[in-house]
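# Survey of secondary and tertiary structure
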Amino acid sequence: MVLVPGNHDYRLIAPWLEWRLRDGPAPLGLQERAGPQASTGTRAIARELRPASLDVVYPGLWLDDGVYATHGHYLDRHVTIPSFERLGSGVLGRLLGAAPERVTSPDDYEVVLAPMYGLLDAMAARVHDGRAAAPGNASAQAWRRLSGDGTRPWRARVLAGAFPLGIGALNRVGIGPLKADLSGHELRRASLRAMGQVVTALRIPARHVIFGHTHRSGPLPGDDVGEWRAPGGAALLNTGCWVYESMYLDRDWGNPYWPGGAAVLEDGDLQFTRLLEGVDPGELKPPAAPVPA
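Residues numbered from 1 in each chain as written. Predicted model: local features only at pLDDT ≥ 70, side-chain atom pairs only at ≥ 80, totals over all residues. Heavy atoms only, no water.

### Here's the deal with the overall build of the protein chain
Scanning the protein chain for helices and strands turns up 9 helices and 8 strands. Within the protein chain, the fraction of its 293 residues that count as buried is 44%. Partitioning the contacts of the protein chain with sequence separation of at least 6, the portion at a separation of at least 24 is 63%. As presented, the protein chain carries roughly 15,800 Å² of accessible surface, and 57% of it is formed by carbon and sulfur atoms. (Helix = DSSP H or I, 4+ residues; strand = E, 2+ residues; numbered from the N terminus. Buried < 20%, exposed > 50% of the residue type's maximum accessible area, 1.4 Å probe, protein only. Contact = heavy atoms within 4.5 Å. Areas by Shrake-Rupley, 256 points an atom, 1.4 Å probe, with all protein chains shown as cover.)

Following this line, the structure appears as structure tokens:
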């Protein structure tokens with residue numbers, strides 16, 4: 001098994017990245033082998049996987065000639081959707097003088113994203129008692145309010161009305177470019193544009209680039225294949241998510257966010273498949289939160 005960490009499991013690779021910094025300014029390449037000793041967490045995973053072996057690779061992995069796989073979290077620097085991660089990276093980039101258009105290496109991404117992911121991890125580890133919402137949950141709640149179906153309470157309608165003005169203000173102070181469009185179509189397009197910018201910035205010499213991160217799998221039948229190509233021509237494939245995403249699926253967005261997507265590479269041929277196709281939603285939905293007494 002080869003583990004390629006991303007943002008939510010950044011703790012698995014962070015100690016190894018810090019060790020690299022202490023050991024000298026060795027540049028981070030497209031594929032660096034950290035090995036199973038990368039962190040306490042990866043050592044524990046390696047023990048649980050025995051007799052299978054574990055390797056840890058970051059920030060991506062060459063699966064075959066011209067086929068590159070990465071989690072996809074570097075697109076947080078470019079996406080125009082105002083997510084928690086995008087806003088955080090925009091503010092940090094502004095403070096550090098690290099504009100996303102000047103990114104040319106994995107280290108340029110890490111200088112902004114590493115401290116933000118470390119902060120989010122520390123916050124998430126401390127909100128389990130319910131006294132505050134985890135950053136991801138807070139971001140999801142805000143998205144639900146802003147992209148509602150017309151039945152929103154008046155506070156949500158006021159928030160939605162002010163939202164474009166806030167986005168305009170953020171663009172004026174250099175946090176953008178951001179857009180106020182939170183539709184499903186724009187979520188897909190914005191993420192693909194951003195991933196294409198990552199491929200271009202890092203000059204990834206690939207025919208196919210596999211990623212996840214945005215939870216929207218594809219390309220699927222009916223998708224515009226042209227949207228799923230990076231500017232240099234690399235074909236993009238998103239494996240989606242392995243969690244039942246109530247935020248999307250309960251809104252009847254359906255198929256693109258169905259869990260269990262996978263990329264199958266065989267004899268140089270790359271295909272997208274669903275390993276949980278046909279499973280009843282009731283078997284995948286998370287249990288309902290208990291009602292406070």
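### Overview of empty space enclosed by the protein
Scanning the entire structure with this criterion turns up 1 cavity of 30 Å³ or more. There is about 50 Å³ of room inside the largest cavity. Together, Pro59, Tyr68, Thr70, Gly72, Tyr74, Met195, Val198, Leu202 and Ile204 line the largest cavity. At the level of elements, β4 (67–70) and α7 (184–201) are the ones that each hand at least two residues to the lining of the largest cavity. Residues that form the lining of the largest cavity fall into these classes: 7 nonpolar, 2 polar and no charged. (1 Å grid on protein atoms, 1.4 Å probe; cavity = no way out; pocket = protein on both sides within 12 Å on 5 of 7 lines; lining within 4 Å. Points joined across faces, edges and corners; volume = space filled by probe spheres on them. Nonpolar A, V, L, I, M, F, W, Y, C, P; charged D, E, K, R; others polar.)

### Details of the layout of surface pockets
Here the second largest pocket is characterised by a volume of approximately 690 Å³. For the second largest pocket, the lining is made up of 28 residues, of which Val4, Thr70, His71, Gly212 and Thr239 are closest to its centre. Listing elements by their share of the lining of the second largest pocket, those giving two or more residues are β1 (2–3), β3 (55–64), β4, β5 (208–211) and β7 (261–266). Take the lining of the second largest pocket: its biggest share by element is 5 residues, from β7. Here the residues of the lining of the second largest pocket sort into 16 nonpolar, 11 polar and 1 charged.

### Focus on the pattern of salt bridges
Side-chain pairs of opposite charge can arise where the charged atoms are in close proximity. Across all of its chains, the model carries 8 salt bridges by this definition. Across the pair Glu227 and Arg188 runs a salt bridge whose closest N-O atoms are separated by 2.9 Å. You can see Glu227 sitting in the loop between β5 and β6 (235–238) and its partner Arg188 sitting in helix α7, a full 39 residues away along the chain. According to the relative accessible area criterion, Glu227 is partly exposed, its value standing at 23%. Looking at Arg188, the relative accessible area reads 12%, which means it is buried. (Salt bridge = Lys/Arg side-chain N within 4 Å of Asp/Glu carboxyl O.)

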